[in-house]
Amino acid sequence: MAARAIVEDYAWLERLHGELRGLLAPVFAQARSRLTAFAYIGALLTERGDRKSCWQLAEEAGHATPRRMQALLAEYSWDWKAALAGLQRFIVSHLGDPEAILALDETAELKKGTATIGVARQHAGITGQVENCQTVVFAAYVTARAHALSDFRLYLPKAWCADQARREKAHVPDDVAFTTKPALGADMITGAADAGIPFAWVAADEVYGRSSKLRQACEQAGKGYVLTVPVNFTVTLPSGRKAPVSALAAMVPQTAWETRSCGRGCKGHRDYEWAWAGTASPRHWVLIRRSLSDPSDLAFFYCHAPEGRPVSLTVLTGVAGKRWPAEECFQQGKGQAGLDQHQARTWHFLHRPTVLSMSPKAHA
């Protein structure tokens, strides 16, 4: 996703590809796995064809059969977590910004059957309905220059976690237990902070905004947040009275609403009316967004900034508008790098190709 900011011509692309190879090389103990991994990423970079199966990638890499590509994903010994850490170092080396935003979002892939790791009847954002699908929670590293997917966690439903035979067949590690989506997001926030990845804010939708544990993880890490919350989310007003955020919109004087853009979309600037209201905490606010064409169309964000960080309406609306890059990452990753084209049903066969598919889009 960072291409247009840091890649100016093919020579730059080759140089960056070589740098990424250098960061990933130590992950692979054997030359055969290392060279196959580089061939896999190189084949993804060609961006030819809609399918990114082992057959197509092997053909693009000049292999006679897909055997080596399949072995890379399922058999060769290498640590996908170490590869992900190398990818994160690459992203930070080019996009690192202390004002960066970590945008959390999830993506669901519709699947048939029940054997594929994590597949169950669950809500799918892609359709807005309960579907038979697999869900992965991602973190996108977003800066003013560019953005890239930087971390991910598979959401494993309770039914999967409790079924030992199913776990063994899919090679789910013994230490993997049921974890909610907000808890997976909190884990990525804490992990990024502990790893020294520079960022100042977290942005996410109401699935994550309603989680007190995720908000606590942000505050313990010293990070601000602008999180979408449902209309019945309750806050304590400066008067000490508790009220749902939906009640605050009526309390805002008409003169307090300001028209601002929360960033550019595919159709130009996304303009809304905005207002913000204080709470009993001097470091927490409620941000309210109102549609210009339909004043009844409201969205609410619960916001926090750590002590010493200046806050304004401009800052908060800017962070609120930076959740969409995660969706753009999904679209490009799926359309160009096979992010959604896992070709087997096991734990490794989801995590390994996901890391490899994230790698070319970090600089393509």
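Going by the structure above, here's the rest.
This one's a predicted model, so the numbers in the text were calculated from it and none came from an experiment.

Draft legend 1. Geometry of the overall build of the protein. For the protein, the helix and strand inventory stands at 15 helices and 12 strands. The buried share of the protein, taken over its 364 residues, is 52%. Within the protein, counting contacts between residues at least 6 apart in sequence, those at least 24 apart form 62% of the total.

Draft legend 2. Summary view of unusual backbone geometry. Backbone geometry places His171, a non-glycine residue, at a positive phi of 60 degrees. Inspection of the secondary structure puts His171 in the loop between helix 8 (164-169) and helix 9 (181-194).

Draft legend 3. How the structure looks around the pairing of strand 5 (residues 201-204). Burial along strand 5 is two-sided: Trp201 and Ala203 and Val202 and Ala204, pointing in opposite directions, are all buried. Relative to strand 5, strand 1 (residues 101-110) is paired through 3 bridges, and the arrangement is parallel. Of the residues in strand 5, the one forming a bridge with Ile101 is Trp201. Summarising the sheet, strand 5 and strand 6 (residues 224-229) pair through 4 bridges and their orientation is parallel. Bridging from a neighbouring strand, Ala203 pairs with Val226 of strand 6.

Draft legend 4. Just the nonpolar core, in detail. In terms of nonpolar packing, the biggest core is built from 108 residues, with Leu72, Trp78, Leu104, Ile117, Val202, Val226 and Leu287 touching the most fellow members. In contact with Val226, not counting residues within four places along its chain, are Trp201, Val202, Ala203, Ala204, Leu287, Phe301, Tyr302, Cys303, Leu316, Val319 and Ala320.

Draft legend 5. Just the pattern of salt bridges, in detail. Enumeration over the complete set of coordinates arrives at 11 salt bridges. The salt bridge partner of Arg67 is Glu75, with a shortest N-O separation of 2.9 Å. What makes Glu75 exposed here is its relative accessible area of 51%. A salt bridge links Arg260 to Glu258, with the shortest nitrogen-to-oxygen separation between them at 2.5 Å. In this structure Glu258 comes out as partly exposed when scored by relative accessible area, which is 34%. Because the salt bridges share partners, they merge into one network encompassing Asp105, Asp205, Arg323 and Glu327.

Draft legend 6. Geometry of the pairing of strand 3 (residues 129-142). Among the 14 residues of strand 3, 12 are classified as buried, and the element is accordingly described as predominantly covered. Alignment of strand 1 against strand 3, held across 10 bridges, turns out to be antiparallel. Bridge pairing in strand 3 links Leu110 to Cys133. Here strand 2 (residues 120-124) pairs with strand 3 via 5 bridges, running antiparallel. Across the sheet, residue Gln122 finds its bridge partner in strand 3, namely Glu131. Hairpin connection from strand 2 to strand 3: 4 residues lie between these consecutive antiparallel strands, with Gly128 at a positive phi of about 75 degrees. Pairing between strand 3 and strand 4 (residues 147-155): 8 bridges, direction antiparallel. Note on strand 4: the bridge partner recorded for Ala140 is Leu149.

Draft legend 7. The arrangement of the packing of aromatic side chains in detail. Counted by the stated rule, this structure contains 9 aromatic pairs. A centroid spacing of 6.0 Å and a plane angle of 40 degrees characterise the contact between Trp276 and Trp285, whose relative ring orientation is tilted. Through successive ring pairs, a cluster of aromatic residues spans Trp80, Phe138 and Phe152. Its end group placed over the ring of Tyr155, Lys181 keeps NZ or CZ at 5.1 Å from the ring centre. Over the ring of Trp257 we find Arg290, and its NZ or CZ is 4.0 Å from the ring centre.

Draft legend 8. Inspection of helix 9 at higher detail. Given a rise of 1.5 Å per residue, 14 residues ought to cover 20 Å, and the 20 Å separating the end C-alpha atoms of helix 9 matches this to within 8%. Within helix 9, burial applies to Lys181, Pro182, Leu184, Gly185, Ala186, Met188, Ile189 and Ala192. Once helix 9 finishes, Gly196 follows within two positions and takes phi at roughly 80 degrees, a positive value.

Draft legend 9. Up close: the packing of helix 9 against helix 11 (residues 212-220). Closest axis-to-axis distance for the helix 9/helix 11 pair is 8 Å, and the angle between their directions is 5 degrees. Looking at the two axes, helix 9 sits roughly parallel to helix 11. On helix 11, the residues touching Pro182, Gly185, Ala186, Ile189 and Thr190 of helix 9 are Lys213, Leu214, Ala217 and Cys218. Its residues placed into classes, the contact of helix 9 with helix 11 shows 6 nonpolar, 2 polar and 1 charged.

Draft legend 10. Representation of the side chain of Asn132. Along the chain, the position of Asn132 falls in strand 3. Assessed through its relative accessible area of 17%, Asn132 is described here as buried. From its side chain, Asn132 meets the backbone oxygen of Gly113 in a polar contact 2.7 Å long. If sequence neighbours within four positions are ignored, Asn132 has contacts with Glu109, Leu110, Lys111, Lys112, Gly113, Val119, Ala120 and Arg121.

Definitions and limits used
- Residues numbered from 1 in each chain as written.
- Predicted model: local features only at pLDDT ≥ 70, side-chain atom pairs only at ≥ 80, totals over all residues.
- Heavy atoms only, no water.
- Helix = DSSP H or I, 4+ residues; strand = E, 2+ residues; numbered from the N terminus.
- Buried < 20%, exposed > 50% of the residue type's maximum accessible area, 1.4 Å probe, protein only.
- Contact = heavy atoms within 4.5 Å.
- Pairing = 2+ DSSP bridges.
- Core = buried A, V, L, I, M, F, W, Y, C linked by side-chain atoms within 4.5 Å.
- Salt bridge = Lys/Arg side-chain N within 4 Å of Asp/Glu carboxyl O.
- Phe/Tyr/Trp six-rings, centres within 6.5 Å; stacked < 30°, edge-to-face > 60°.
- Lys NZ or Arg CZ within 6 Å of the ring centre and 35° of its normal.
- Expected span 1.5 Å × (residues − 1).
- Axes fitted to C-alpha atoms, helices over the stretch in contact; angles between N-to-C directions.
- Parallel < 35°, antiparallel > 145°, perpendicular 65-115°, else oblique.
- Nonpolar A, V, L, I, M, F, W, Y, C, P; charged D, E, K, R; others polar.
- Polar contact = N/O pair within 3.5 Å; in protein donor to acceptor, adjacent residues only side chain to side chain.

These figures capture arrangement, not role.
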